[in-house]
Amino acid sequence: MTADQLIATYFETGRPPDLPRDHFIDGRPAVAEAGDRMESFDPGRGVALADFAVGDAADVDRAVTSAVAGFGIWGATPPAQRCAILNEAARLMRAEAEQLSVVEALDSGKTLNEARDDIAGSARLLEYYAGAADKLDGRSVNLGNDNAAFTLREPVGVTAHIVPWNYPTSTLVRGIAPALAAGCSAVVKPAETTPFTALMIADLLVRAGLPAGVVNVVTGTGIAAGAPLVRDPRVRHVTITGSVATGVGVMQSVAPNVTGLTLELGGKSPLIAFGDADVDKVVDGALWAIFSNAGQICSAGSRLLVHRSIHAEVRDKLVIKARALRIGHGLRNPDMGAINSARHLAQIADHVENARKRGVEIVLGGTRVVDPDTGEGWFYAPTILDDLPESDDAVLREIFGPVLVIQVFDDEAEALTLANGTEFALAAGIYTKDISTALRMARRVDAGQVTVNDYWAGGIELPFGGNRKSGFGREKGLEGLEAYTRSKAVTLAV
Ligand code: NAD
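Bear in mind that the values here come from a model prediction, so they are computed numbers and not experimental data.

Q: So what's going on with the site of the ligand? Which residues, and what values?
A: Contacts to the ligand come from 27 residues, most closely from Arg174, Lys189, Glu192, Thr246 and Glu398. With respect to the ligand, the side chain of glutamate 192 contributes an N or O atom lying 2.6 Å from an oxygen atom. Glycine 242 places a main-chain nitrogen or oxygen 3.2 Å from an oxygen atom of the ligand. In isolation the ligand has 850 Å² of accessible area, and contact with the protein removes 87% of it. At the level of secondary structure, the elements contributing two or more residues to the shell around the ligand comprise α8 (222–231), β10 (235–241) and α9 (244–254). Of the residues contributing to the shell around the ligand, the split by class is 14 nonpolar, eight polar and five charged. Mapping the shell around the ligand onto the domain boundaries places at least three of its residues in each of domain 1 (3–265 + 471–490) and domain 2 (270–460).

Below you can see the structure in the form of structure tokens.
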């Protein structure tokens, strides 16, 4: 069926496309040992979509055992062959992009176009790391004595990938693509509200030629499936994208095994607009920095720091544009999709209610809404909180929804203090026409990535990650390979 037919069928009958519903272990679907199931929901309607396997320690044990065997094969596969298989996976992902996009939008609540971008970006990730697979060379070193010396760059072994629900495909692929390029095997634990695309991608990888056991997927909850996975001593690196609380727990879990760790955690990233900035660029930048993916982005520009001289103009233009955003079911491709779960929607609403009780000025939104076409679904109106003090809870805490906080500054020093004024340090956007201001701020702001005059600039070729409580380690770019390889120094007396 074409994507259009899948969508039409879903809206007419409520029947979702065919979905994989069991774990994927050793190159094929695998039933959960205990037989437990749970349901994933369509956030755009707030109704159950399909059930899937709930993994436990026994399932994780099978998956890791399979990954150990898979590593034995894949680690010894010639790099050029790894490269060819990853390229074939990218080709298949493009060929099947529409089906994957429909499932991604349906399961996560994002718009179809956002899902299409995620799938296209994931195909690029596979290609990018395919290109690196046969270039992971060591170096020869001149010791100045009678020893010849060189380094080998070796895969670390079995890797675990704990994935959140806001970017189920792209977060998964940005982890496993470099791991596979390096020769590692993987066990993936998708988020409990978005399990399906990970299962589809594992199957796609096998069809592209990946040997059985190299990528395994165990679905289910963080506690029942994620926790035993990260604790397994056979896992040599864990990459987790999630909340700070989960990241801290995983750090403690991996410590006894001295397992490598990449932590991609939360953010409260500032978009900083100076008085000389192009106001329309600021407004468009801020609009999509916070309302893309309904604000459920770790690196969302969730704080707009604006110079007092342009504050009123920027705020008023932003309110007009944000009010006009069309909200609706992701598969109808509105401007802004749903909130991923009823639980998360309630948390967003609580944050804003508490701000209201503190007397914060809400200049737009501040309410739950429904899909105007159906009266269903889990949605939150685009919301803007104006002129907040730096100590306000809504400034300091990640809300992870379509809620923008505006802070006003009078000079560059204050802008910098506000920008660095939370425990997070993930991304920052700077809007100014003055190249010196831009460069000074880019150097001084604490963030893993800084963009100037275009908030979402960047791509898979650049490293991505955070500082402080936003985590550590870098994904994407050539830096993304570092977690999955280790150097071995070899000397030969001659
Ligand atoms: P979460 O921490 O609740 O869950 C993330 C994943 O961790 C899920 O798969 C979950 O099942 C698993 N998990 C939970 N407890 C676990 C445990 N004890 N052991 C192992 N795994 C466990 O986060 P979420 O609500 O799914 O995602 C939202 C959070 O993720 C936000 O804080 C957001 O900022 C962050 N995030 C960060 C990035 C980044 O790149 N820095 C990207 C996307 C999301």
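Text resumes after the structure shown.
Q: Which residues make up the UniProt feature "domain: Aldehyde dehydrogenase" (unreviewed entry) in the protein chain, and what are the values?
A: Mapped onto this structure's residue numbering, the UniProt feature "domain: Aldehyde dehydrogenase" (unreviewed entry) falls at residues 33–490. As annotated, residues 33–490 comprises 40% helix and 22% strand, and the C-alpha atoms at either end are separated by 45 Å.

Q: A description of the UniProt feature "active site" (unreviewed entry) in the protein chain should follow, citing residues and the corresponding values.
A: The feature "active site" (unreviewed entry), as given by UniProt, occupies Glu264 in the numbering adopted here. Its place among the elements puts glutamate 264 in strand β11 (residues 260–264). When sequence neighbours within four positions are dropped, the list of residues in contact with glutamate 264 reads Arg174, Ile240, Thr241, Gly242, Phe464, Gly465, Gly466, Ser470, Gly473, Arg474 and Glu475.

Q: Explain the packing of aromatic side chains to me, using residue names and the numbers behind them.
A: Throughout the structure, instances matching the rule amount to seven aromatic pairs. Measuring from centroid to centroid gives 5.8 Å for tyrosine 10 and phenylalanine 11, while their planes differ by 50 degrees, and the two rings are tilted. Sitting over the ring of tyrosine 167, lysine 110 keeps its end group 3.7 Å from the ring centre. Lying across the ring of phenylalanine 11, arginine 332 places its NZ or CZ 4.0 Å from the centre.

Q: Hey, could you go over the sheet that holds strand β6 (residues 147–155) for me, with residue numbers and the actual values?
A: With antiparallel pairing, the three strands of this open sheet are ordered in space as β5-β6-β24. With partners counted over all chains shown, the strands left at the sheet margins are β5 (140–142) and β24 (485–493), one partner each. Taken over all neighbouring pairs, the strand axes of this sheet differ in orientation by 25 degrees on average, direction set aside. Direction of pairing for β6 relative to β24: antiparallel, over a ladder of nine bridges. Bridge pairing in β24 links phenylalanine 150 to valine 490.

Calculation criteria
Residues numbered from 1 in each chain as written. Predicted model: local features only at pLDDT ≥ 70, side-chain atom pairs only at ≥ 80, totals over all residues. Heavy atoms only, no water. Near = heavy atom within 4 Å. Polar contact = N/O pair within 3.5 Å; in protein donor to acceptor, adjacent residues only side chain to side chain. Areas by Shrake-Rupley, 256 points an atom, 1.4 Å probe, with all protein chains shown as cover. Helix = DSSP H or I, 4+ residues; strand = E, 2+ residues; numbered from the N terminus. Nonpolar A, V, L, I, M, F, W, Y, C, P; charged D, E, K, R; others polar. Domains from an automatic or database assignment. UniProt positions renumbered as here; feature names shortened; annotations may be inferred. Contact = heavy atoms within 4.5 Å. Phe/Tyr/Trp six-rings, centres within 6.5 Å; stacked < 30°, edge-to-face > 60°. Lys NZ or Arg CZ within 6 Å of the ring centre and 35° of its normal. Pairing = 2+ DSSP bridges. Axes fitted to C-alpha atoms, helices over the stretch in contact; angles between N-to-C directions.

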